[in-house]
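Okay, here's what each chain looks like letter by letter:
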Amino acid sequence: QVQLVESGGGSVQAGGSLRLSCAASGYTASNLCMGWFRQAPGKEREGVAAMYTYGFTPYADSVRGRFTISKDIGKNTLYLQMNSLKPEDTAMYYCAATLARVCVGSLSPRDYNYWGQGTQVTVSS
């Protein structure tokens, strides 16, 4: 089974930056589709960013221009660079994955089968 482990969360002040990492293991398929999601207390889990096979990267409107998703294939690691953080970015951040021939860059949690334990991001004003 696919295993995902997030790291890099923490507490920062508004305007600061963090880089989240998600190490993936336990798979042999050539295409592991991955994305970042977040969930704040009392709110639905929402997609933040996802990888698309042909280069297009979907971002949530609330983070576009501030967050950047990337993947290091050699290290089997997914990253989320978060800049200009706002208090409303405070949430538990999860990386998710699914095995597929083509990654469609879905921001829907329902399209992913594997989830990490999450890493907390807290942004103070």
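For the structure itself, consult the block above.
What this report covers is the structure whose coordinates are included nearby. All values reported here derive from a predicted model rather than from experimental measurement. Position numbers for residues start from 1 in each chain and track the written sequence from start to end. Only residues with pLDDT of 70 or above have their local features reported here, since the model is predicted, and side-chain atom pairs are shown and tallied only from 80 upward, although totals for entire chains, interfaces and linings are computed over all residues. The basis for every side-chain value is the complete set of heavy atoms in the structure, and neither hydrogens nor water enter the calculation.

1. As for the overall build of the chain
Scanning the chain from N- to C-terminus turns up 0 helices and 10 strands. Secondary structure elements are taken from DSSP: a helix is a run of H or I of four residues or more, a strand is a run of E of two residues or more, and numbering for both begins at the N terminus. Counting helices and strands in the order they occur from the N terminus, the chain gives β-β-β-β-β-β-β-β-β-β. With respect to the three principal axes, the spread of C-alpha positions in the chain is 45 × 30 × 25 Å. Burial classes follow relative accessibility: with a 1.4 Å probe on protein chains only, a residue under 20% of its type's maximum area counts as buried, one over 50% as exposed, and anything between as partly exposed. In the chain, which comprises 125 residues, the proportion classed as buried is 42%. In this description, contact between two residues means that some pair of their heavy atoms is separated by no more than 4.5 Å. Across the chain, the fraction of contacts at a sequence separation of at least 24, relative to all contacts at a separation of at least 6, is 63%. For the purpose of charge, His is not counted, nor are the chain termini; Lys and Arg are scored as positive and Asp and Glu as negative. Charge positions are represented by NZ for Lys, CZ for Arg, CG for Asp and CD for Glu. Taking the 11 positively charged and 8 negatively charged side chains of the chain as two groups, their mean positions are separated by 4 Å.

2. Details of the state of the cysteines
A covalent bond between the sulfur atoms of two cysteines is what we call a disulfide. When the sulfur atoms of two cysteines come within 2.5 Å, that pair is taken as a disulfide. In the structure shown here, the tally under the stated rule is 2 disulfides. Disulfide partner of C22: C95, at an S-S distance of 1.9 Å. Of note, the bridge from C22 to C95 carries an S-S torsion of about 50° and is right-handed in sense. Here C22, found in strand 3 (residues 18-25), pairs with C95, found in strand 8 (residues 91-99); they are 73 residues apart in sequence, far enough to count as distant. One exposure class covers both C22 and C95, and it is buried. Within the chain, bonded cysteines paired by disulfides and numbered along the sequence follow the pattern 1-3, 2-4.

3. Side note on the nonpolar core
Counting 29 residues, the largest nonpolar core has W36, L80, M82 and Y93 as its most contacted members. Among the secondary structure elements, those contributing two or more residues to this core are strand 3, strand 4 (32-39), strand 5 (46-50), strand 6 (67-72), strand 7 (77-82), strand 8 and strand 10 (119-124). Joining through side-chain atoms within 4.5 Å is the link that ties buried Ala, Val, Leu, Ile, Met, Phe, Trp, Tyr and Cys residues into a set, and such a set is a nonpolar core.

4. A closer look at the pairing of strand 3
Any two strands are treated as partners once DSSP identifies two or more bridges connecting them. For strand 1 (residues 3-7) and strand 3, the ladder comprises 5 bridges, and the chain directions are antiparallel. Across the sheet, residue S7 finds its bridge partner in strand 3, namely S21. Here strand 3 pairs with strand 7 via 6 bridges, running antiparallel. Looking at the pairing, L20 lines up with L80 of strand 7.

5. Some points on the sheet that holds strand 1
One open sheet holds the 4 strands; their spatial order is 1-3-7-6, and the pairing between them is antiparallel. Edge positions in the sheet fall to strand 1 and strand 6, since each has one partner strand and no second. This sheet shows a mean twist of 15° between the axes of neighbouring strands, independent of strand direction. A fitted line through C-alpha atoms represents every axis, and for helices the fit uses only the stretch in contact; the resulting angles, taken between N-to-C directions, go from 0 to 180 degrees.

6. Topic: a nonpolar patch on the surface
Any residue with relative accessible area above 30% and no salt bridge may belong to a patch, with like charges joined within 9 Å and the nonpolar Val, Leu, Ile, Met, Phe, Trp and Tyr side chains within 5 Å. A 1.4 Å probe and the Shrake-Rupley method give the accessible areas. Residues count as covered only by the protein chains that appear here. A side-chain nitrogen of Lys or Arg and a carboxyl oxygen of Asp or Glu constitute a salt bridge if their distance falls within 4 Å. A contiguous nonpolar patch, built from Y52, Y54, F56, V102 and V104 and spanning about 560 Å² of accessible area, is present on the exposed surface. The topology assignment puts Y54 in the loop between strand 5 and strand 6.

7. Overview of unusual backbone geometry
Positive phi is not limited to glycine here, since N76 has a value of about 50°. By secondary structure assignment, the location of N76 is in the loop between strand 6 and strand 7. Phi at S84 takes a positive value of approximately 50°, unusual for a residue other than glycine. A relative accessible area of 41% means that S84 is categorised as partly exposed.

8. So, the side chain of R38
Assignment of secondary structure puts R38 in strand 4. Within the structure, the side chain of R38 is placed 2.9 Å from the side chain of Y93, a separation counted as a polar contact. Setting aside chain neighbours within four positions, we find R38 in contact with E44, R45, E46, V48, S62, V63, F67, E88, D89, A91, M92 and Y93. Side-chain atoms alone can form a polar contact between residues adjacent in sequence; in general such a contact is a pair of N or O atoms within 3.5 Å, and within protein one must be able to donate a hydrogen while the other accepts it.

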